[in-house]
Amino acid sequence: MSESTIFSAPAGWALHYFPETGSTNDLARDAGEAGAPERTIFVTDHQTMGRGRQGRSWLEVPGSGLLFSILFRRHQSQSFLLTSLCSVAACEAIDRLAGVHTEIKWPNDLMLSGRKLSGVLTEVSWAPGNPFAVVGMGINVNFNPTALDGVPDNAISLLMASGREIPRAGLLNEILRQIDLLIDMEPSKTEAVVRSRWVERLWRRKQRVVIAEGGKALDGVFEDVAEDGALLLRLEDGSLQTVRVGDLVI
Ligand code: BTN
């Protein structure tokens, strides 16, 4: 049996595997619109139209990355909380299985040795009577992403960092187990625990950074994050700027 056919999920999850699809986020959105329950997950070995934030695409070597999207029906109005919850769960699972230390680049990239390992794309549907959120993750596992046309040079994979192949099925199962642990807490506890673990892992917090925001570059010290996840940047003139949408460049 090839590794791609053995993805499994902990009890209580409904896992759907496709060898190839356009985007797992689309599969999860369609399932959400059709009324599928929380903890429905779509996994694939290859996306033909994998997408990222801000209109970017997400690429992988077929059968070598971890590509999945999860349907949530709890906390769906707090897309930032769901994004951070999945980022924290993935970091904890990756660290445990690959023996590395991952960080989170605000707002939601997973970083390893200062390079991008994984991206998260959260999409929310507000249809009356049927609200849900989809969190999609792409993780570079057993290939060299920088060898792909269109992937920035600062990408990294678990294979490159650890020097060995990491079983994708085991990694997915552990990520879902970590998600269960966080989401099954009492809601206010979920929020507090996720926030503190997310903040602990924030890349370059308290350091000088440059943020690309709507075509301009903002220079300052990454002071903290607000309750809603916005980045608080201390500018040269001492004022504090709240950044809600942007890219942390360095
Ligand atoms: C980003 O870094 O901008 C986010 C990338 C998100 C990629 C994942 S792969 C699985 C899911 N399906 C998609 O089309 N995108 C997400």
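Residues numbered from 1 in each chain as written. Predicted model: local features only at pLDDT ≥ 70, side-chain atom pairs only at ≥ 80, totals over all residues. Heavy atoms only, no water.

> Any chance you could break down the overall build of the protein for me, citing the residues and the numbers?
The secondary structure content of the protein amounts to five helices and twelve strands. For 250 residues, the compact-globule estimate of 2.2 N^0.38 gives 18 Å, and the protein sits close to it at 18 Å. The principal-axis extents of the C-alpha atoms in the protein amount to approximately 60 × 45 × 30 Å. A burial count over the protein gives 52% of its 250 residues as buried. Partitioning the intrachain contacts of the protein with sequence separation of at least 6 by distance along the chain shows that 63% fall at a separation of at least 24. As presented, the protein carries roughly 11,000 Å² of accessible surface, and 53% of it is formed by carbon and sulfur atoms. In the protein, 25 positive and 31 negative side-chain charges are present, and the distance between their average locations comes to 3 Å. (Helix = DSSP H or I, 4+ residues; strand = E, 2+ residues; numbered from the N terminus. Rg over C-alpha atoms; globule rule 2.2 N^0.38 Å. Buried < 20%, exposed > 50% of the residue type's maximum accessible area, 1.4 Å probe, protein only. Contact = heavy atoms within 4.5 Å. Areas by Shrake-Rupley, 256 points an atom, 1.4 Å probe, with all protein chains shown as cover. Lys, Arg positive; Asp, Glu negative; His and termini not counted. Charge placed at Lys NZ, Arg CZ, Asp CG, Glu CD.)

> Describe the packing of aromatic side chains, naming the residues involved and giving the relevant values.
As enumerated under the stated definition, the model contains three aromatic pairs in all. Look at Phe-7 and Tyr-17: their rings are 5.9 Å apart centre to centre, the planes differ by 40°, and that puts the pair in the tilted class. One end of the pair, Phe-7, is in the segment before strand S1 (14-18); the other, Tyr-17, is in strand S1, with ten residues separating them in the sequence. Over the face of the ring belonging to Trp-203 we find Arg-204, whose NZ or CZ atom lies 5.5 Å from the ring centre. (Phe/Tyr/Trp six-rings, centres within 6.5 Å; stacked < 30°, edge-to-face > 60°. Lys NZ or Arg CZ within 6 Å of the ring centre and 35° of its normal.)

> Tell me about the side chain of Thr-83, and name the residues and values.
With respect to the element layout, Thr-83 can be found in helix H2 (residues 79-98). When neighbours within four sequence positions are excluded, Thr-83 is seen to be in contact with Asn-108, Val-120 and Thr-122.

> Account for the sheet that holds strand S7 (residues 132-139), with residues named and values stated.
Ordered in space as S1-S2-S3-S7-S6-S5-S4, the seven strands form an open sheet in which the pairing is mixed. Of all strands in the sheet, those with a lone pairing partner are S1 and strand S4 (103-105), marking the two edges. Geometrically, the sheet is characterised by an average inter-axis angle of 20° between neighbouring strands, direction not taken into account. Summarising the sheet, strand S5 (residues 109-112) and strand S6 (residues 115-125) pair through three bridges and their orientation is antiparallel. Paired with Met-111 across the strands is Lys-116, a residue of S6. Sheet strands touched by helix H4 (residues 168-183): S1, strand S2 (40-44), strand S3 (66-72) and S7. Its angle to S3, the strand with the most contacts, is close to 25°. (Pairing = 2+ DSSP bridges. Axes fitted to C-alpha atoms, helices over the stretch in contact; angles between N-to-C directions.)

> Any details on H2? Residues and values, ideally.
Between its first and last C-alpha atoms H2 spans 28 Å; for 20 residues at 1.5 Å apiece the expected length is 28 Å, and the two agree. Within H2, 16 of the 20 residues are buried, which leaves the element mostly enclosed by the surrounding structure. Of the residues trailing H2, Gly-99 is marked for its positive phi of about 65°. (Expected span 1.5 Å × (residues − 1).)

> Explain the pairing of S1 to me, using residue names and the numbers behind them.
Summarising the sheet, S1 and S2 pair through five bridges and their orientation is parallel. Within S2, the position partnered with Ala-14 by the bridge is Thr-40. Running through helix H1 (residues 24-33), the crossover from S1 to the neighbouring parallel element S2 is right-handed. (Right-handed = clockwise from strand over helix to strand, strands pointing away.)

> Could you give an account of the site of the ligand, naming the residues involved and the relevant values?
Neighbouring the ligand are 20 residues, the closest being Ser-23, Gln-47, Arg-51, Arg-53 and Lys-116. Within the contact set of the ligand, a nitrogen atom lies 3.2 Å away from a side-chain nitrogen or oxygen of Thr-24. Between the ligand and Arg-53 there is a distance of 2.7 Å, counted from an oxygen atom to a backbone nitrogen or oxygen. Surface burial for the ligand is 99%, taken as the share of its 420 Å² of free accessible area covered by protein chains. Sorting the residues of the shell around the ligand by element identifies H1, S3, S6 and S7 as the ones contributing at least two each. Per-element accounting of the shell around the ligand gives the leading share, four residues, to S6. For the shell around the ligand, the per-class residue count stands at six nonpolar, ten polar and four charged. (Near = heavy atom within 4 Å. Polar contact = N/O pair within 3.5 Å; in protein donor to acceptor, adjacent residues only side chain to side chain. Nonpolar A, V, L, I, M, F, W, Y, C, P; charged D, E, K, R; others polar.)

> Can you explain the state of the cysteines? Please cite residues and give values.
With the rule as written, the count across this model stands at zero disulfides. There is no disulfide at Cys-86, and the cysteine sulfur nearest it, in Cys-91, is 11 Å away. The exposure class assigned to Cys-86 is buried, which follows from its relative accessible area of 1%. (Disulfide = S-S within 2.5 Å.)

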